[in-house]
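Spelled out from the first residue to the last, the chains are:
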Amino acid sequence: MKRRTFLLLVVLLALLSGCGRGEVVPPSEDTAAAPSQTQQQTAASESGTAQVQAAKKDLTFFVEGEREVLPATRYTGAGYVIYIPDEGWHFEREEDDGMTEERWESIWNDEVELTVYTRPVYPDASAAVTRDIFLAGSDYVFEDVTGGVAGDPLVGREADGDYLCFMTAEGSGGTTYIVAWEYPAEAAEGFGARLRVIADTFTVIEG
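The model shown is predicted, which means the values in this text are computed figures rather than measured ones.

The rules behind these values
- Residues numbered from 1 in each chain as written.
- Predicted model: local features only at pLDDT ≥ 70, side-chain atom pairs only at ≥ 80, totals over all residues.
- Heavy atoms only, no water.
- Salt bridge = Lys/Arg side-chain N within 4 Å of Asp/Glu carboxyl O.
- Helix = DSSP H or I, 4+ residues; strand = E, 2+ residues; numbered from the N terminus.
- Buried < 20%, exposed > 50% of the residue type's maximum accessible area, 1.4 Å probe, protein only.
- Pairing = 2+ DSSP bridges.
- 1 Å grid on protein atoms, 1.4 Å probe; cavity = no way out; pocket = protein on both sides within 12 Å on 5 of 7 lines; lining within 4 Å.
- Points joined across faces, edges and corners; volume = space filled by probe spheres on them.
- Nonpolar A, V, L, I, M, F, W, Y, C, P; charged D, E, K, R; others polar.
- Arc of directions from axis to C-beta.
- Contact = heavy atoms within 4.5 Å.
- Axes fitted to C-alpha atoms, helices over the stretch in contact; angles between N-to-C directions.

Caption draft 1: Geometry of the pattern of salt bridges. Going through the model one piece at a time under the given rule, you end up with ten salt bridges. One salt bridge in this structure joins Arg103 and Glu92, with 3.8 Å as the shortest N-O distance. Taken as a pair, Arg103 in strand E5 (residues 99-106) and Glu92 in strand E4 (residues 89-96) lie far apart in primary sequence, eleven residues in all. Judged by its relative accessible area of 30%, Glu92 is partly exposed. Across the pair Glu94 and Arg103 runs a salt bridge, and its minimum N-O distance is 3.7 Å. If you follow the salt bridges from partner to partner, you end up with Glu92, Glu94, Glu101, Arg103 and Glu113 in one network.

Structure below.
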């Protein structure tokens, strides 16, 4: 009992002495293992960056009530990335009047396609302005024209029932993007569902 009391007094004196000299007591294992809030935020940020930059990932679709998982590969465009399923899509790229069009067309239905339009250094090129320009040049009828910005797509239809959906995004240096996808009415349950999931992987990566 005396030895135990003595040891406790030695430990207490050592702690008091350390505080007097301004020394830092090493943290316990539990404290050292717990990351700070800043470390947690940094880790989360790095995790998000890694996810965006991953070369491959699986895309999950729900088509007519059935769950469907397809492997996809990252495509890196001018300041953006998007994930395209590994099978079933044909890629085309065009330049037209200062705008780049990068298009993926279904090999099973040539009326189904997803296009990323990139217009660099467009005057006053906010997402809203870009949306209005795209609407003005479209043959589709859009009942609601208040969206189309920040991941909220607008949906239009032609007289024959075909659909066009699109959303806009802003990059740095005056670059604006339009992500648009088209499909016929009879493909709404299948390709309509898949195209929205693919479009949602679009991410601006430039600073």
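Additional details are given in the paragraphs that follow.
Caption draft 2: Molecular detail of the sheet that holds strand E1 (residues 56-63). One open sheet accounts for four strands, arranged E1-E2-E3-E11; its pairing is antiparallel. Unpaired on one side and paired on the other, E1 and strand E11 (203-204) mark the two borders of the sheet. Inspection of the sheet shows strand E2 (residues 66-76) paired to strand E3 (residues 80-85) by five bridges, in the antiparallel sense. Pairing of Thr76 across the sheet is with Val81, part of E3.

Caption draft 3: Representation of the pairing of E2 within the structure. Examined bridge by bridge, E1 and E2 share eight bridges and lie antiparallel to one another. Of the residues in E2, the one forming a bridge with Lys57 is Ala72. Between E1 and the antiparallel strand that follows it, E2, lie two residues; Glu64 among them carries a positive phi value of about 50 degrees. Hairpin remark: E2 followed by E3, antiparallel, with three residues in the connecting loop; positive phi at Gly79, about 85 degrees.

Caption draft 4: Representation of the layout of surface pockets within the structure. The volume enclosed by the largest pocket comes to roughly 240 Å³. Lining the largest pocket are 14 residues, and of these Met99, Ile133, Phe134, Gly137 and Ile178 sit closest to its centre. When contributions to the lining of the largest pocket are tallied by element, the ones reaching two or more residues are strand E6 (113-119), helix H4 (127-136) and strand E10 (176-183). Sorting elements by how many residues they give to the lining of the largest pocket places H4 first, with three residues. Here the lining of the largest pocket is built from residues that sort into eight nonpolar, four polar and two charged. Taken together, Phe61, Glu68, Leu70, Pro71, Pro85, Asp86, Glu87, Trp89, Trp108, Phe191, Arg194 and Ile198 make up the lining of the second largest pocket. Mapped by element, the contributors of at least two residues to the lining of the second largest pocket are E2 and helix H5 (188-199). Within the lining of the second largest pocket, the residues separate by chemical class into eight nonpolar, no polar and four charged.

Caption draft 5: Main features of H4. Taken as a whole, H4 has its buried residues at Ala127, Thr130, Arg131, Phe134 and Leu135. Taken around the axis of H4, the buried residues stretch over an arc of 135 degrees, which confines them to a single face. Here the buried face of H4 lies against E6, strand E7 (141-142), strand E8 (154-157), strand E9 (163-170) and E10.

Caption draft 6: Molecular detail of the sheet that holds E8. Pairing within the open sheet is antiparallel, and its seven strands lie in the order E4-E5-E6-E10-E9-E8-E7. The two strands at the open ends of the sheet, each matched to only one other strand, are E4 and E7. With seven bridges connecting them, E6 and E10 associate as antiparallel partners. Looking at E10, one finds that Glu113 is bridged to Glu182. Along the sheet, H4 makes contact with E6, E7, E8, E9 and E10, crossing E9 at roughly 150 degrees. Those strands touched by H5 are E4, E5, E6, E9 and E10, and its axis lies near 165 degrees from that of E10.

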